[in-house]
Amino acid sequence: MPSNFAAFLVGEGVHPLSVGPAPYTSPGPSEIVVKNGAVAVNPIEYILQDHLMPSFPMHYPMILGQDLAGVVEEIGSNVTQFKVGDRVLGHAFGMLHNNNDPESAFQLYTVVGEEMAVAIPDEMSFEAATVLPLCFSTAAAGLYQDNFLNLPPPSLNPTPRNQTLLVWGGASCVGSNAIQLAVASGYEVVATASAKNFDYIKQLGATQVYDYHSDSVVSDIIACLKGKVIAGAFNAVKDGFDGCLEIVQASEGSKFISSVLPVPEVLPAGISSGWILMEPAKFSKLAYVDFLTPAIKEGKYIVAPKPLIVGKGLEAIQSGIDRQKQGMSAEKVVISL
Ligand SMILES: NC(=O)c1ccc[n+]([C@@H]2O[C@H](COP(=O)([O-])OP(=O)(O)OC[C@H]3O[C@@H](n4cnc5c(N)ncnc54)[C@H](OP(=O)(O)O)[C@@H]3O)[C@@H](O)[C@H]2O)c1
């Protein structure tokens, strides 16, 4: 059995993470174990380390981390998509399974659900691939779950829907995936970002992009959407909800806003909204298995944003969390293992 090591959060607010031996867990029937080649850092890791979500159940010591890429070490008895030795990216779902440590990313070996992993080509580095999983899952949940925007599934040959989706915060990691997925579902996308990221946003497939620093950003987008039908809005960042609300109120079409962060309890009449909570059974097959797997194989999905590699080894994960906390722009913090 392989010898495993992890970066542990050993107590509330304790800094840095502490590296030490961890149990190796074999996969369940529909799971794989990945030997991690690189992991990425998300805002939720400093939020949990700093105990900024007091209602969230924690246990100590615990293992954080949701993004990984590496090599399949072991497969469960029902796994059909992968074999030992395959190179994959995967969404480590430990936090969302009550902080189940074997399913968390900041360790050498992680248990991942078969339908939350995708094979990656030999020419794609683990560092490039690991930027994707959590933000791809979040975008897919907000777009496809029937309790959110409930859009039709993404396709390599999308049927045009003649509707427009607003993505507020297109240069964020979640927003970058929401743009690409919505385009793959056949929607036109209008997004917001800093001016320096306009070219990046257009490469992802948005047709129009507006600078959210402009005083007229909301009225400019409302004017751009006049005469169109919107499919709702996807708010991908902390301060994006109010802009989405004004635009959805003023536009024709769906009045639903999917949001990455908690939404107001009281909304104007006719508007509905939800804080994205992932239920993989509602999106993993249509997004990971049926779409992302062939899209990556055929080079038809931009694995974005680009990685910012801050170090190597489990000991470097803390500096990655500290770097993420300073704020990112169209980049994602990555650690090689
Ligand atoms: N609900 C969930 O399950 C879930 C899952 C994952 C993440 N999240 C949350 O989603 C948020 C985004 O996460 P992430 O990893 O994607 O973040 P990130 O990549 O670190 O976000 C940074 C980006 O946000 C953009 N941005 C910041 N403020 C903005 C504003 N007011 N308007 C438009 N764009 C703005 C910046 O764009 P420019 O560089 O162009 O200025 C920057 O590129 C975080 O709050 C995170 O905690 C929630």
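Here the structure is a predicted model, which means the values were calculated and not measured.

Peer 1: How should I be thinking about the packing of aromatic side chains in this particular structure?
Peer 2: In this description, an aromatic ring pair is defined by two values, namely the gap between the centres and the angle between the planes. This structure, assessed with the given rule, holds 5 aromatic pairs. Look at Phe291 and Tyr301: their rings are 5.9 Å apart centre to centre, the planes differ by 80°, and that puts the pair in the edge-to-face class. Of this pair, Phe291 sits in helix α8 (residues 284-297) while Tyr301 sits in the loop between α8 and β16 (306-312), placing them 10 residues apart in sequence. Since its relative accessible area comes to 3%, Phe291 is described here as buried. With a relative accessible area of 6%, Tyr301 lands in the buried category. Aromatic ring contacts, followed pair by pair, group Phe136, Tyr288, Phe291 and Tyr301 into a single cluster.

Peer 1: Help me out: how do you make sense of the sheet that holds strand β4 (residues 62-63) in this one?
Peer 2: Each strand in a sheet pairs with another by means of backbone hydrogen bonds, the pair being arranged parallel or else antiparallel. The 3 strands lie next to each other as β2-β1-β4, forming an open sheet whose pairing is antiparallel. Each of the sheet's edge strands pairs with one partner strand only, and the pair in question is β2 (18-22) and β4. Pairing of strand β1 (residues 4-9) with β4 involves 2 bridges; the strand directions are antiparallel. Bridge pairing links Phe8 to Ile63 in β4.

Calculation notes
- Residues numbered from 1 in each chain as written.
- Predicted model: local features only at pLDDT ≥ 70, side-chain atom pairs only at ≥ 80, totals over all residues.
- Heavy atoms only, no water.
- Phe/Tyr/Trp six-rings, centres within 6.5 Å; stacked < 30°, edge-to-face > 60°.
- Helix = DSSP H or I, 4+ residues; strand = E, 2+ residues; numbered from the N terminus.
- Buried < 20%, exposed > 50% of the residue type's maximum accessible area, 1.4 Å probe, protein only.
- Pairing = 2+ DSSP bridges.

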